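Descriptive analysis of the structure
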Amino acid sequence: MPVYAKNKQIVLPGEVVAEGKYEVQGPAYVIGRKVYSKVVGVVEIGDKNKIAIIPLKGKYIPSAGDVVIGKIVDVGLTGWTVDINSPYKAVLQASEVLSRPTDAAKLDLSKILDIGDLVVAKVIAFDYTRDPVLTIKESRLGKVTKGTLVEISPVKIPRVIGRKGSMVNLLKSMLDVEIVVGKNGRILIAGKEPIKEAWAAMAIKKIEREAHVPGLTDRIKKLLEGLLEGESE
């Protein structure tokens, strides 16, 4: 089964990527046996007849199950409106924040989450007929109280994560930081040393700029090695 694009090659809308039975991820369509790209993007060829197309530009469209990092932009009587870096504003109901049933209308919700606060949340519902619905009641979700926030193009998030988490795990292990990657292009970095949070942010912005260039993981590793060596001198 022929593959017409090389790994990490940039393809254009309508360009033939491969021909045959492939498991395709990302914006692509199939006519007959040929796989075409819908966008300007980078081809990633995986194992077991898997091909992914990573768009170089695009907006975040919510999907149920996505972890996102949101900003509170309005406080209502029974919940909050949340900016999730998408064309759609999200809704966070008080029932998806409070640990037990309470009459939210009797509470001052701004004392729980106020305008400008950041939350790590999960999209629990979205179907284009209503705004996305969030929850923060699950483990590892909730109000952000520390760390550095980085914003990148949402379509570059898969490159920050890397294959099987390789890139984000490299950043975590080398810099001893925790990283929460939101599908909406927002990334939270938290560590014991502010300088290492800053280095992680710098590396992530480099990944965003050079996502389409081969050998990126090696370049990021060398960058971090140089920063760490300079610190120890």
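Look up a bit, the structure's there.
None of these values were measured; they are calculated from a predicted model. Throughout this document, residue positions are counted from 1 along each chain, in the order its sequence is written. In view of the model being predicted, local features appear only for residues whose pLDDT reaches at least 70, and side-chain atom pairs are presented and counted only at 80 or more, with totals across whole chains, interfaces and linings using the full set of residues. Water and hydrogen atoms play no part in the side-chain values, which are based on all heavy atoms of the structure.

**Description of helix 2 (residues 166-175)**
Each residue's exposure class comes from its accessible area (1.4 Å probe, protein chains only) as a fraction of the maximum for that residue type: buried when under 20%, exposed when over 50%, partly exposed otherwise. Put simply, DSSP marks the helices as runs of H or I at least four residues long and the strands as runs of E at least two long, and each gets a number from the N terminus on. By the burial criterion, the buried members of helix 2 are Met 167, Val 168, Leu 170, Leu 171, Met 174 and Leu 175. In an axial view of helix 2, the angular spread of the buried residues amounts to 155°, which keeps them on one side of the axis. Directions pointing from the helix axis toward each C-beta atom define the arc.

**A word on the environment of Ile 157**
Mapped onto the fold, Ile 157 is located in helix 1 (residues 157-161). Residues Ile 157 and Ala 211, spaced 54 residues apart in sequence, show a C-alpha to C-alpha distance of 9.6 Å.

**Notes on the sheet that holds strand 1 (residues 10-11)**
A pair of strands counts as paired when DSSP detects no fewer than two bridges linking them. An order of 1-6-7-3 is seen for the four strands of this open sheet, with the pairing classed as mixed. Where the open sheet ends on each side, the last strands, each with one partner, are strand 1 and strand 3 (23-25). With three bridges joining them, strand 3 and strand 7 (residues 50-55) adopt parallel strand pairing. Each bridged residue has a counterpart across the sheet, and for Glu 23 the counterpart in strand 7 is Lys 50.

**Structural notes on unusual backbone geometry**
Here Asn 85, not a glycine, exhibits a phi torsion of approximately 60°, which is positive. Assignment of secondary structure puts Asn 85 in the loop between strand 9 (79-83) and strand 10 (90-93). One non-glycine residue, Lys 164, lies in the positive phi region at around 55°. Considering the arrangement of structural elements, one finds Lys 164 in the loop between helix 1 and helix 2. By relative accessible area, Lys 164 is classed as exposed at 81%.

**Some details on the pairing of strand 9**
Of all five residues that make up strand 9, four are buried, and the element is covered over most of its length. Pairing geometry for strand 8 (residues 67-75) and strand 9, over four bridges, is antiparallel. Bridging from a neighbouring strand, Ile 72 pairs with Val 82 of strand 9. Between strand 8 and the antiparallel strand that follows it, strand 9, lie three residues. Pairing of strand 9 with strand 10, which is carried by four bridges, proceeds in the antiparallel orientation. Considered in strand 10, the bridge of Trp 80 is made with Leu 92. What sits between strand 9 and strand 10 in their antiparallel hairpin is a turn of six residues, with Asn 85 showing a positive phi close to 60°.

**Things to note about the pattern of salt bridges**
Salt bridges are defined as contacts in which a side-chain nitrogen from Lys or Arg sits within 4 Å of a carboxyl oxygen from Asp or Glu. As enumerated under the stated definition, the model contains 11 salt bridges in all. Ionic pairing is found between Glu 193 and Lys 196, a salt bridge with its closest N-O pair at 3.4 Å. Here Glu 210 makes a salt bridge to Arg 219, at a shortest N to O gap of 3.0 Å. The class of Arg 219 is partly exposed, set by a relative accessible area of 24%.

**With respect to the nonpolar core**
Residues grouped as a nonpolar core are buried Ala, Val, Leu, Ile, Met, Phe, Trp, Tyr and Cys residues, joined through side-chain atoms within 4.5 Å. Of all hydrophobic cores here, the largest spans 26 residues; its most connected members are Trp 80, Val 82, Leu 92, Leu 113, Leu 134 and Ile 136. Among the elements that make up this core, the one with the highest residue count is strand 11 (residues 118-125) (five residues). Throughout, a residue-residue contact means that at least one pair of heavy atoms, one from each residue, lies within 4.5 Å. In this structure, Trp 80 is in contact with Ile 72, Asp 74, Val 75, Ala 90, Val 91, Leu 92, Gln 93, Ala 94, Val 97, Leu 109, Ile 112 and Leu 113, ignoring residues within four places of it in sequence. Within the second largest apolar cluster, 24 residues are counted, among which are Ile 157, Met 174, Ile 179 and Val 181.

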